Amino acid sequence: MSNLYLIGFMGSGKSSVGRRLAERLGRPFVDTDEEIARREGMDIPSLFAKGGELYFRDLEQAVLLDLAGRSGWVIATGGGIVLRVRNTEIMRNSGTTIFLFAREEVLLRRLTGSEASRPLLGSAVDAAERIRQLLKERRGMYEWADLVVDTSDRTVDQVVDEIIRRLELPEAGGRNPEKTI
Ligand code: S3P
């Protein structure tokens, strides 16, 4: 069974949607950032502080490659995973990719207060400006996904419902409402 990858900008809801999606499908879940932190015994800001972004990107790619060898997992990724073309190839070749989109002002609202845990924002004097700049740099990098879902103004369950419906995924324990009488 192929994996389900969630991609999208920081604050698009990849981890919360991924966790809930996995629960509903009865599939295992993993978050690339959590996996990197677990393996390295250090949180993401400390890894950036230790070796910079390039060092983090190498760890990210190695973890993705390992996870891609698994089967049937729901995998939430870090927002910058798409920066390396090789990563997009790895995801394309080992599963279905879902892009969680959110409008700029929604992302700005969701990311306010989370700067300390996000090294690419934490060091910026003006976090909002940094977010706008990163969004501009990454424009078009997520759209190759098999499915695009708008998460703006929607709950985790509404987003998960849409993914399950559009990909026609079977829910665990036959809880798929379309399939019950
Ligand atoms: C990053 C996003 C973060 C994390 C790291 C870099 C990025 O993950 O991987 O701080 O480059 O967009 P989230 O998207 O889960 O915040």
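Up top is the structure.
Throughout, a residue's number is its position along its own chain's written sequence, starting from 1. A pLDDT threshold of at least 70 governs which residues receive local features in this predicted model, and a stricter bar of 80 or more applies before side-chain atom pairs are shown or counted, although totals over entire chains, interfaces and linings include all residues. To get the side-chain values, take all heavy atoms of the structure and skip hydrogens and water.

> Is there a simple way to explain the pairing of strand β5 (residues 147-150) in this structure?
Remember that side chains alternate between the two faces of the sheet whenever the strand is regular. The two faces of β5 differ: L147 and V149 on one face are buried, but V148 and D150 on the other face are not. A strand pair is defined by DSSP finding two or more bridges across the two strands. Under the DSSP-based scheme used, a helix requires at least four consecutive residues in state H or I and a strand at least two consecutive residues in state E, with every element numbered from the N terminus. In the sheet, strand β4 (residues 95-101) pairs with β5 via four bridges, with the strands oriented parallel. Bridge pairing in β5 links I98 to L147. Using a 1.4 Å probe on the protein chains alone, a residue whose accessible area is under 20% of its type maximum counts as buried, one over 50% counts as exposed, and one in between counts as partly exposed.

> When you look at the site of the ligand in this model, what are you seeing that I'm missing?
Around the ligand, the surrounding shell holds 13 residues, and the nearest of these are K14, R57, G79, R118 and R138. Any pair of N or O atoms that falls within 3.5 Å is considered a polar contact. Within protein, one atom must be able to donate a hydrogen and the other to accept it, and sequence-neighbouring residues count only if both atoms are side-chain atoms. Within the contact set of the ligand, an oxygen atom lies 2.9 Å away from a side-chain nitrogen or oxygen of D33. Within the side chain of R118, a nitrogen or oxygen atom sits 2.8 Å from an oxygen atom of the ligand. Coverage of the ligand by the protein chains reaches 94% of its 390 Å² of free accessible surface. Among the elements of the structure, α3 (44-68) and α6 (119-122) are those that each provide at least two residues to the shell around the ligand. Among the elements that make up the shell around the ligand, the one with the highest residue count is α3 (three residues). In these notes, residues near a molecule or strand are those with any non-hydrogen atom within 4 Å of it. A 1.4 Å probe and the Shrake-Rupley method give the accessible areas. Residues count as covered only by the protein chains that appear here.

> What exactly am I supposed to notice about the packing of helix α5 (residues 104-111) against helix α7 (residues 127-137) here?
Packed helices, taken two at a time, are described by the angle between their axes plus the distance between the axes. Orientation is described by axes fitted as lines to C-alpha atoms, over the contacting stretch for helices, and by angles from 0 to 180 degrees between their N-to-C directions. Closest axis-to-axis distance for the α5/α7 pair is 10 Å, and the angle between their directions is 135°. Relative to α7, α5 is oriented oblique. Crossing hand, α5 versus α7: right-handed. Across from E104, L107, L108 and L111 in α5, the residues of α7 making contact are A128, I131, R132 and L135. Working rule for angles: under 35 degrees goes down as roughly parallel, over 145 as roughly antiparallel, 65 to 115 as roughly perpendicular, anything else as oblique. Crossings are sorted by hand: turned counterclockwise from the far helix by less than a right angle, the near helix makes the crossing left-handed, and turned clockwise it makes it right-handed. Residue contacts follow a heavy-atom distance rule, with two residues in contact if any of their heavy atoms lie within 4.5 Å.

> Explain the pattern of salt bridges here, please?
Two side chains that carry opposite charge are able to pair once their charged atoms sit near each other. Each salt bridge in this description consists of a side-chain nitrogen of Lys or Arg and a carboxyl oxygen of Asp or Glu lying within 4 Å of one another. Evaluated as defined, the whole model comprises 19 salt bridges. We note a salt bridge from D153 to R103, for which the minimum N-O separation is 3.0 Å. With a gap of 50 residues between them, D153 in the loop between β5 and α8 (156-167) and R103 in the loop between β4 and α5 connect regions that are remote in the sequence. The class of R103 is partly exposed, set by a relative accessible area of 30%.

> How do you make sense of the sheet that holds strand β2 (residues 29-31) when you look at a structure like this?
Two pairing modes exist for strands in a sheet, parallel and antiparallel, and in both the strands are linked by backbone hydrogen bonds. A sheet is described by the order of its strands in space; here five strands give the open sequence β2-β3-β1-β4-β5, paired in parallel fashion. The two strands at the open ends of the sheet, each matched to only one other strand, are β2 and β5. Put simply, the sheet's adjacent strands are angled 20° from each other on average, direction ignored. Note that strand β1 (residues 3-7) and strand β3 (residues 74-76) share three bridges and pair parallel.

> For this particular structure, what's the right way to read the side chain of S94?
Tracing the backbone through its elements, the reader meets S94 in helix α4 (residues 85-94). Once you skip the residues sitting within four places of it in the chain, S94 turns out to touch S2, N3, Y5 and A68.

> Sorry if this is basic, but what is going on with the packing of helix α2 (residues 32-40) against α3 here?
Direction vectors running N to C along α2 and α3 enclose 110°, while the axes themselves pass 9 Å from each other. The pairing of α2 with α3 is recorded here as roughly perpendicular in orientation. Like other packed secondary-structure pairs, α2 and α3 cross with a definite hand, here right-handed. Where α2 abuts α3, its residues T32, D33, E35, I36, R39 and E40 lie against I44, L47, Y55, F56, L59, E60, V63, D66 and L67.

> Just checking my understanding: could you explain unusual backbone geometry for this structure?
Most peptide bonds are trans, and most residues other than glycine sit at a negative phi. Located in the positive-phi region is D153, a residue other than glycine, with phi close to 55°. Positive phi, normally seen in glycine, also occurs at E168, with a value near 50°. For E168, the position within the fold is in the segment after α8. On the basis of relative accessible area, E168 is assigned to the exposed category, the value being 67%.

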